[in-house]
Amino acid sequence: MTTPRSLLVDPNNERDYHVASRCVRRAFLCGVDPLTGRNCSHRRGWLLQRLKQLAPCFAVDVYSYTVLSNHFHLALRHDPVACRFWTDEEVAWRWFDAFPPKEHGEVVEELKPERRELMLGDPKRVAAARKTLGSLSDFMKHLKQPIARRANLEDDCEGHFFEQRFYSGALLTEEAMIAAMAYIDLNPVRAELADRIEAIKDTSITERLQVNSAEALADYLRPVLSGLDDYVVGSATTQCSREVSAGAAQDIDEIADAHIASVNNSPPSDVEDEVGVPDAQLATGDGEAPSSRSTDVAAPADGEGTEPRRKRRRRPAIRLTDYIDILRGMVDAEQRATVVPTDRVAEWLARTKVLKRRQRAYGNEAALRQWTADRGLRLREVALPI
């Protein structure tokens, strides 16, 4: 029996997930059909374009993605409470960036201000938009549906393009998140679409390899698409203008801004993350503690008062340059039988091997036992090797 989505996706806490969706009947509907020879590779661009439009507007951070011939993968962070930080004005901005007004199939930017004002005059509509933008299931729904309709129109057919239910596996530890990212980034290599990471296309590692500054390479891994960091509209340098009309809303913005600053700039600490792993034991390249640690933030509730203070999950504590080195080592070890992987590469190969199993969650044994106990489930997951 399929596990309900309400047990797979945490409705109250920020958590990482590996999600994937496959085309129906495993047909090559996004690549070259081996039977007909028809090339539909251009549809991968549709999906990437849609992903880059939606992710900055929803309550998700996308850390890794890849689009293959008949399925796609994402490693992302979802915060179901983040939308409660957003003012009504920001909800309206996000909504019409995600779903811009159109006329005759073309986006009409000039209509956005008017549509935003109309939304702000309807509290029920704002509440519905806030709920949608905070939902992982709605994010996947709106990511896939337009692609399916467009592909069916191109194929002159009806019916499902993607399988109905997308896969989601909770990534309970930092090691699980990094292993999922490596698994996703190297999917094209395993599919024999590339023989080295520099030749990979349609995946997040393509974007990361374009980074060439020493500062960026030395920084801890950041999301390639973020809806949880400072919201931007129009361009990467244009901040969303928030017209705060109430003191309480101003307080919310100050809390959120202070939280972002603390996550990005706080000094190393021995504070433990959600699963009780000390900073010194995390997967950094040189064993140092990460500079971005978990931070308590009071999340404003929909009604009166505030929710209990909660922890914001740290970014993966591995530097970009170390992550790239690990990927290169994994490719060499998998493609060349004569190459003996280092202990570090062997560890990540073993962890990504577990990711090939479609489990409800991934992590160490303690984290898995806690996760299943909280949901009243039986433990049948395989723990990641330590």
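In what follows, the accompanying structure is described. (Residues numbered from 1 in each chain as written. Predicted model: local features only at pLDDT ≥ 70, side-chain atom pairs only at ≥ 80, totals over all residues. Heavy atoms only, no water.)

### Thoughts on the overall build of the protein chain
Right, so step 1: In terms of regular secondary structure, the protein chain is built from 14 helices and 10 strands.
Right, so step 2: Counting every position in the protein chain, which comprises 386 residues, the buried fraction comes to 51%.
Right, so step 3: At a minimum sequence separation of 6, the contacts of the protein chain that also span at least 24 residues come to 71%.
Right, so step 4: For the protein chain, the accessible area works out to roughly 18800 Å², and carbon and sulfur atoms hold 49% of it. (Helix = DSSP H or I, 4+ residues; strand = E, 2+ residues; numbered from the N terminus. Buried < 20%, exposed > 50% of the residue type's maximum accessible area, 1.4 Å probe, protein only. Contact = heavy atoms within 4.5 Å. Areas by Shrake-Rupley, 256 points an atom, 1.4 Å probe, with all protein chains shown as cover.)

### Observations concerning unusual backbone geometry
Right, so step 1: The backbone of glutamate 192 shows a phi angle near 60°, a positive value even though the residue is not glycine.
Right, so step 2: Relative to the helices and strands, glutamate 192 is located in the loop between α8 (187–190) and α9 (204–209).

### Describing the pattern of salt bridges
Right, so step 1: This model, assessed by the stated rule, comprises 18 salt bridges.
Right, so step 2: Across the pair glutamate 174 and arginine 314 runs a salt bridge, and its minimum N-O distance is 3.9 Å. Of this pair, glutamate 174 sits in helix α7 (residues 174–185) while arginine 314 sits in the loop between β9 (306–312) and α12 (320–335), and the two are 140 residues apart along the sequence.
Right, so step 3: According to the relative accessible area criterion, glutamate 174 is buried, its value standing at 6%.
Right, so step 4: Under the relative-accessibility criterion, arginine 314 is labelled buried at 4%.
Right, so step 5: Between arginine 196 and glutamate 198 there is a salt bridge whose closest N-O contact spans 3.8 Å.
Right, so step 6: Judged by relative accessible area, which is 45%, arginine 196 ranks as partly exposed.
Right, so step 7: Connected through salt bridges with shared partners, the residues Asp10, Arg15 and Arg375 form a single ionic network. (Salt bridge = Lys/Arg side-chain N within 4 Å of Asp/Glu carboxyl O.)

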